[in-house]
Amino acid sequence: MFDISEKAKADPSGLPEAQRLQGIVARADFTIAKTGIAGTKFLLEKLYGYGGACRKPLPPIEPGVATALWEHPHTQELVQIERELSGKA
């Protein structure tokens, strides 16, 4: 997204794509932030193999909340775009 945004400074035709990506990131951020540190760490663990459980006194993420977060359309859209852009799709 950064690279596309930077290129749009010189060529405004890239601006719609930068805005589309920003929308995806913003919606996912809004969704993930609601689950706090536990949700963020859960996603890091699921996607990259690190993150683990929160240290006390923070409670761990509940399994149902973790499943809902992973399956949420905003999360899935972000994961899909990241995989596509990184060539891992």
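Residues numbered from 1 in each chain as written. Predicted model: local features only at pLDDT ≥ 70, side-chain atom pairs only at ≥ 80, totals over all residues. Heavy atoms only, no water.

1. A closer look at the packing of helix 3 (residues 36–48) against helix 4 (residues 63–71)
Two elements in contact, helix 3 and helix 4, have axes separated by 10 Å at closest approach and are oriented at 65°. Here helix 3 lies roughly perpendicular to helix 4, going by the angle between them. Helix 4 is crossed by helix 3, and the crossing has right-handed handedness. Note on element contacts: helix 4 touches helix 3 through Ala66, Leu69 and Trp70, opposite Gly39, Phe42, Leu43, Lys46 and Leu47. Along the lines of polarity and charge, the residues of the contact of helix 3 with helix 4 split into 6 nonpolar, 1 polar and 1 charged. (Axes fitted to C-alpha atoms, helices over the stretch in contact; angles between N-to-C directions. Helix = DSSP H or I, 4+ residues; strand = E, 2+ residues; numbered from the N terminus. Parallel < 35°, antiparallel > 145°, perpendicular 65-115°, else oblique. Left-handed = near helix turned anticlockwise from the far one by under 90°. Contact = heavy atoms within 4.5 Å. Nonpolar A, V, L, I, M, F, W, Y, C, P; charged D, E, K, R; others polar.)

2. Topic: helix 2 (residues 15–33)
Between the first and last C-alpha of helix 2 there are 26 Å, a value that for 19 residues agrees with the 27 Å anticipated at 1.5 Å per step. All buried positions along helix 2 are accounted for by Ala18, Leu21, Gly23, Ile24, Ala28, Thr31 and Ile32. Buried residues belonging to helix 2 abut helix 1 (2–10), helix 3, helix 4 and helix 5 (73–86). (Expected span 1.5 Å × (residues − 1). Buried < 20%, exposed > 50% of the residue type's maximum accessible area, 1.4 Å probe, protein only.)

3. Some points on unusual backbone geometry
In this structure, the amide linkage connecting lysine 56 to the following residue, proline 57, adopts the cis form with an omega of 15°. By the element assignment, proline 57 lies in the loop between helix 3 and helix 4.

4. So, helix 3
An ideal rise of 1.5 Å per residue puts 18 Å on 13 residues; helix 3 measures up with 18 Å between its terminal C-alpha atoms. Where helix 3 ends, the next residue or the one after it, glycine 49, has phi of about 85°, a positive value.

5. Brief notes about the nonpolar core
Judged by nonpolar contacts, Ala28, Ile32, Leu43, Leu69, Trp70 and Val79 together constitute the single largest core of 6 residues. At the level of secondary structure, the elements contributing two or more residues to this core comprise helix 2 and helix 4. Beyond its immediate sequence surroundings of up to four residues, valine 79 is in contact with Leu47 and Trp70. (Core = buried A, V, L, I, M, F, W, Y, C linked by side-chain atoms within 4.5 Å.)

6. What about the pattern of salt bridges?
Side chains that carry opposite charge are capable of pairing whenever their charged atoms lie near each other. On inspection of all chains with the given rule, the structure shows 3 salt bridges. A salt bridge links glutamate 17 to arginine 20, with the nearest nitrogen and oxygen atoms 2.9 Å apart. In this pair, glutamate 17 and arginine 20 both sit in helix 2, 3 residues apart, roughly one turn of the helix. What makes glutamate 17 partly exposed here is its relative accessible area of 31%. Judged by its relative accessible area of 39%, arginine 20 is partly exposed. (Salt bridge = Lys/Arg side-chain N within 4 Å of Asp/Glu carboxyl O.)

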